[in-house]
Amino acid sequence: QQPVQSPQAVILREGEDAVINCSSSKALYSVHWYRQKHGEAPVFLMILLKGGEQKGHDKISASFNEKKQQSSLYLTASQLSYSGTYFCGTEREGTSYGKLTFGQGTILTVHP
Amino acid sequence: DSGVTQTPKHLITATGQRVTLRCSPRSGDLSVYWYQQSLDQGLQFLIQYYNGEERAKGNILERFSAQQFPDLHSELNLSSLELGDSALYFCASSGPTGYRETQYFGPGTRLLVL
């Protein structure tokens, strides 16, 4: 079952902050965040593991609420380069480990 | 550059034909994943191989098959192609365990079926 992302789209001015949410109805083993620009490959941003470990970029942070099976991606002081579509991919417990199920994406547009 | 390579970059073919997409994982990675991205279906998991063995399967059509070779490169074979198979096909790779690991995506193969 596909995780649900919100909002569907965000428009920002440079320097503003944004939060993108990802919610699953199933117990998760990990949550992966990617950014994709049109026609290009998804680029890894952050991985959050059940148990609290996180790996990712310096300027981007995220949280994983294991009780609610929800993750949030925090983009602070946005830059023009942040524009793109953000996807969360979830790895579910009790299924084939490694398989990522992606949300429908959140389109982020940053204007000067 | 993720270190994952995919060939070809673009493929244009006709309905009913068969094509092969190739993927080389990052050096040291044992897992290879195939994903399909179309406008209406989003990013969909197809299949995962780990060290030569199939590990997980998604909603992969019977007309599609894949394998991972001893040198760890992988091929995705698509046969009896239909118009709806037109999509971006991504390969990703990850490290020693194949789960709870970062998956690095290749640049993709854009398939157009006419």
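In the block above lies the structure referred to throughout.
Remember, it's a predicted structure, so these values are computed and weren't measured experimentally.

**A word on the overall build of chain B**
Secondary structure assignment for chain B yields zero helices and 11 strands. Ordered by position in the sequence, the α and β elements of chain B form the string β-β-β-β-β-β-β-β-β-β-β. A compact globule built from 114 residues should have a C-alpha radius of gyration of about 13 Å, and chain B, at 13 Å, falls within 12% of that. Each principal axis of the C-alpha distribution contributes one length, and for chain B these read about 40 × 30 × 25 Å. Each of the 114 residues in chain B was classed as buried or not, and the buried ones make up 53%. Mean positive and mean negative side-chain charge positions of chain B (9 and 11 charges, respectively) differ by 3 Å.

**Some points on the overall build of chain A**
What chain A contains, in helices and strands, is zero helices and 11 strands. Relative to the 2.2 N^0.38 estimate, which gives 13 Å for 112 residues, the radius of gyration of chain A is 13 Å and therefore close to what a compact globule would have. For chain A, the spread of C-alpha atoms along the principal axes amounts to about 45 × 25 × 20 Å. Counting across all 112 residues of chain A, residues that qualify as buried make up 46%. Across chain A, contacts joining residues at least 24 apart in sequence account for 57% of those joining residues at least 6 apart. As displayed, chain A offers around 5500 Å² of accessible surface, 48% of which is attributable to carbon and sulfur atoms. Each charge class in chain A can be summarised by its mean position, and for the 11 positive and 9 negative side chains these summaries are 7 Å apart.

**Focus: the sheet that holds strand β1 (residues 5–7) of chain B**
Residue and element names in this part refer to chain B. In spatial order, the strands read β1-β3-β8-β7; together these four strands make up an open sheet with antiparallel pairing. Single-partner strands in this sheet number two, and they are β1 and β7 (64–68). In this sheet, adjacent strand axes meet at a mean angle of 15 degrees when their direction is disregarded. Of the strand pairs in this sheet, β1 and strand β3 (residues 19–24) are connected by three bridges, and their pairing is antiparallel.

**Describing unusual backbone geometry**
Phi is mostly negative for residues that are not glycine, and the peptide bonds are mostly trans. The step from Ser 6 of chain A to Pro 7 of chain A runs through a cis peptide bond, and the omega angle for that step is -5 degrees. Summarising the element assignment, Pro 7 of chain A is placed in the loop between β1 (4–6) and β2 (9–13). Between Thr 7 of chain B and the following residue, Pro 8 of chain B, the backbone shows a cis peptide bond with an omega angle of -10 degrees. One non-glycine residue with positive phi stands out, namely Asn 51 of chain B, at about 50 degrees. Judged by relative accessible area, Asn 51 of chain B falls into the partly exposed class, the value being 46%.

**Re the pattern of salt bridges**
All names here are of chain B. Taken as a whole and assessed by the stated rule, the structure comprises four salt bridges over all chains. Note that Asp 29 is salt-bridged to Arg 26, the shortest N-O span being 2.9 Å. Assessed through its relative accessible area of 3%, Asp 29 is described here as buried. Across the pair Arg 63 and Glu 82 runs a salt bridge, and its minimum N-O distance is 3.7 Å. Separated by 19 residues along the polypeptide, Arg 63 in the loop between β6 (53–57) and β7 and Glu 82 in the loop between β8 (74–78) and β9 (87–94) bring together distant segments of the chain. Among the charged side chains, a salt-bridge network with shared partners connects Arg 63, Glu 82 and Asp 85.

**Notes on the interface of chain B and chain A**
Counting residues at the interface gives 20 residues for chain B, matched by 21 residues for chain A. When the buried surface of chain B facing chain A is broken down by residue, Leu 43, Arg 100 and Phe 105 of chain B rank first, second and third, together holding 37% of it. Where chain B meets chain A, there are six residue pairs in polar contact (both at pLDDT 80 or more). Each residue belonging to the side of chain B that touches chain A can be placed in one class, and the counts come to nine nonpolar, six polar and five charged.

Parameters and conventions
Chains are numbered independently. Their residues run from 1 in the order of the written sequence. Chain labels run from A onward and ligand labels from 1 onward, assigned in the order the entries are written. Where totals are concerned, whole chains, interfaces and linings use all residues; where local detail is concerned, this predicted model gives features only for residues with pLDDT of at least 70, and gives and counts side-chain atom pairs only at 80 or more. Hydrogens are left out, water is left out, and the side-chain values use all remaining heavy atoms of the structure. Note on conventions: DSSP H or I runs of at least 4 residues are helices, E runs of at least 2 residues are strands, and numbering of each starts at the N terminus. The globule rule used here is 2.2 Å times the number of residues to the 0.38 power, and the radius of gyration it is set against is calculated over C-alpha atoms. Note on exposure labels: buried denotes an accessible area under 20% of the residue type's maximum, exposed denotes more than 50%, and partly exposed covers the range between, all computed with a 1.4 Å probe on protein chains only. For the purpose of counting charges, residues Lys and Arg are taken to be positive, whereas Asp and Glu are taken to be negative. His and the chain ends are not included. We put the charge of a Lys on NZ, of an Arg on CZ, of an Asp on CG and of a Glu on CD. Between two residues, a contact is recorded if the distance between any of their heavy atoms is within 4.5 Å. All accessible-area figures derive from a Shrake-Rupley calculation using a 1.4 Å probe, and residue coverage is judged against the displayed protein chains alone. Two strands qualify as a pair provided that DSSP identifies no fewer than 2 bridges between them. Interaxial angles span 0 to 180 degrees and are taken between N-to-C directions of axes, which are lines fitted to C-alpha atoms, for helices over the stretch in contact. Between Lys or Arg on one side and Asp or Glu on the other, a salt bridge is scored when a side-chain nitrogen of the former is within 4 Å of a carboxyl oxygen of the latter. Buried area adds together the accessible area that both of two parts lose upon being put together, with accessible area traced by a 1.4 Å probe. For the purposes of these results, a polar contact is taken to be a pair of N or O atoms within 3.5 Å, where, inside protein, one atom must be able to donate a hydrogen and its partner to accept one; residues adjacent in sequence count only when each atom of the pair is a side-chain atom. Residue polarity is assigned by list, with Asp, Glu, Lys and Arg as charged and Ala, Val, Leu, Ile, Met, Phe, Trp, Tyr, Cys and Pro as nonpolar; anything else, Gly included, falls into the polar class.

Don't take any of this as a statement about function, it's just geometry.
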